[in-house]
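Take a look at the letters that make up each chain.
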Amino acid sequence: MQSRRNFIGNMATGLAGTLAAPNVLGAHNRVRFGIIGAGARGTELLRDALACANTECTGVADIYSRRLEESRAIAPNARQHSDYRRLLEDPAVDAVLIATPQHLHAEHFIAALDAGKHIYVEKTMAFTVDQAKQMRAAVERAGSKRAIQIGHQFTSSGHAADAAHFLQPDLMGKVTFIQARMYRNTPHGKPQWARPVYPDMTPENIHWQSFVGDSPEIGFDPQRFVNWRYFWDYSGGGVFENMSHQLAFWYKTMALRIPRAVTMTGGIYLWKDGREVPDTMTVAMEHEEELLFTWDSGFGNERLSVTEDVMGTAGTISRTPQTIRYAPEKKNRPDGNEMTGVTHTDPRAHMQNFLDAIRSNRELNCPFDLGYRVSIACRMAVESYRQQRTVRWDPAREEIV
């Protein structure tokens, strides 16, 4: 089998020029898509895309044979691939949904873009700063010919329009602080994120080297395969899984840049099950906009749930996944009224926005640049935790220091 590095190199040079010609959509603007990574989240995306009008799944790629078999129940006519490269060679694939572990995003993203496909990639977009830069170079090669949506679906919610209204200077004054939280709980003895190791998770049924990718070499381990979120080689833990969503919403609505400094502390205080990523943590991000954005999270109590509070001198915006509200600061807006967001959110709005961008060049709700900024902020948090110090962003060198 051709190596991943050689394949991507070929795609990025002469072959890419041939494959990157504009796709001709199917009859009546039908978008034909393939998916790389048909696990739990990939299956959700597959169903979402098929539920949108005038779509067809023409290919499914996964390195685990069970997932290919299970995908037949959802997309019975799709071609099955154990090697994602075969999917990218198929001219009947206009767009690719990428729902693989985070350490593989860059590999699949770059190859798909160089193959001339439109891309929907799950969060967090990039695993490392270097990978983010490589992905950006692929975007620059492709120009504006391809729709690229990052899977932060909150950016397509009606809350975004409501937040834009509430963020008017006369309503909020000067915003200096955002406090976000994300708390979950599970029954005793059922760790957060834990997935069972099935008997058929064997080297015969899983292409292990394709999972390892460019991460450190290690022998076959079904636990690392199915519970990859536990391990730093493949995952950014709760920061990449959860904080990224909350960052993306406010980075979009407030046009926030990469933070200048990030400090993360915490530990594995609850689930002593072999995981490396923390289950309890707090992150503080200092922004050039003279704003402090904090996020704290834990997996042992859900009382605080998922919330964000944006605090300005004249008002506060409070958001949960279900509601968004504004409350005036009476000291500065004594006659101000409380308001509740009213904009409707379609549950498939984010996927539909991606498909609309493919068909009619509609503006994407979570474009590459937003995913890039969120990815860097998340990587800064992880580096701070692992190095046990505050880290800073050098905008000139584009490096964490």
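Reading the values: the criteria
Residues numbered from 1 in each chain as written. Predicted model: local features only at pLDDT ≥ 70, side-chain atom pairs only at ≥ 80, totals over all residues. Heavy atoms only, no water. Pairing = 2+ DSSP bridges. Helix = DSSP H or I, 4+ residues; strand = E, 2+ residues; numbered from the N terminus. Axes fitted to C-alpha atoms, helices over the stretch in contact; angles between N-to-C directions. Contact = heavy atoms within 4.5 Å. Parallel < 35°, antiparallel > 145°, perpendicular 65-115°, else oblique. Left-handed = near helix turned anticlockwise from the far one by under 90°. Nonpolar A, V, L, I, M, F, W, Y, C, P; charged D, E, K, R; others polar. Buried < 20%, exposed > 50% of the residue type's maximum accessible area, 1.4 Å probe, protein only.

## Regarding the sheet that holds strand β1 (residues 31-36)
Here is step 1 of the chain: What the six strands build is an open sheet, ordered β3-β2-β1-β4-β5-β6; its pairing is parallel. Both outer strands of the open sheet, β3 (79-81) and β6 (148-150), are each paired with one neighbouring strand and no more. Mean inter-strand twist for the sheet, computed between neighbouring axes without regard to direction, equals 20 degrees.
Here is step 2 of the chain: Where strand β2 (residues 55-61) lies against β3, three bridges are found, and the strand directions are parallel. Along β3, the bridge assignment pairs G59 with R79.
Here is step 3 of the chain: Each of β1, β2, β4 (95-98), β5 (118-121) and β6 is contacted by helix α13 (residues 349-360), which is oriented at about 165 degrees to β5, the strand it contacts most.

## Remarks on the sheet that holds strand β8 (residues 261-267)
Here is step 1 of the chain: With mixed pairing, 10 strands are arranged side by side in an open sheet as β14-β13-β12-β11-β7-β10-β9-β8-β15-β16. Strands with a single pairing partner mark the edges of an open sheet, and in this sheet they are β14 (339-340) and β16 (399-400).
Here is step 2 of the chain: Looking at chain direction, strand β9 (residues 280-287) and strand β10 (residues 291-298) are connected through eight bridges and run antiparallel. The partner of E286 across the bridge, within β10, is L292.
Here is step 3 of the chain: Across the sheet, helix α12 (residues 237-254) is in contact with β7 (175-183), β8, β9, β10, β11 (306-312), β12 (315-319) and β13 (324-328); its angle to β10 comes to roughly 150 degrees.

## Quick look at the packing of helix α8 (residues 158-166) against α12
Here is step 1 of the chain: Packing of α8 against α12 leaves a shortest axis separation of 10 Å and a crossing angle of 45 degrees. Overall, the two elements α8 and α12 adopt an arrangement that is oblique. Considering how the two elements wind past one another, α8 and α12 form a crossing that is right-handed. Here H159, A160 and A163 of α8 lie close against α12, whose contacting residues are F249, W250 and T253.
Here is step 2 of the chain: Taken together, the residues of the contact of α8 with α12 sort by class into four nonpolar, two polar and no charged.

## Let's talk about the pairing of β13
Here is step 1 of the chain: Side-chain alternation along β13 places I324, Y326 and P328 on a buried face and R325 and A327 on a face that remains uncovered.
Here is step 2 of the chain: As paired elements, β12 and β13 share five bridges and run antiparallel to each other. Residue pairing in the sheet places T316 in a bridge with A327 of β13.
Here is step 3 of the chain: A loop of four residues connects β12 with β13, the two strands running antiparallel in sequence.
Here is step 4 of the chain: Here β13 runs beside β14; their pairing, made up of two bridges, is antiparallel.

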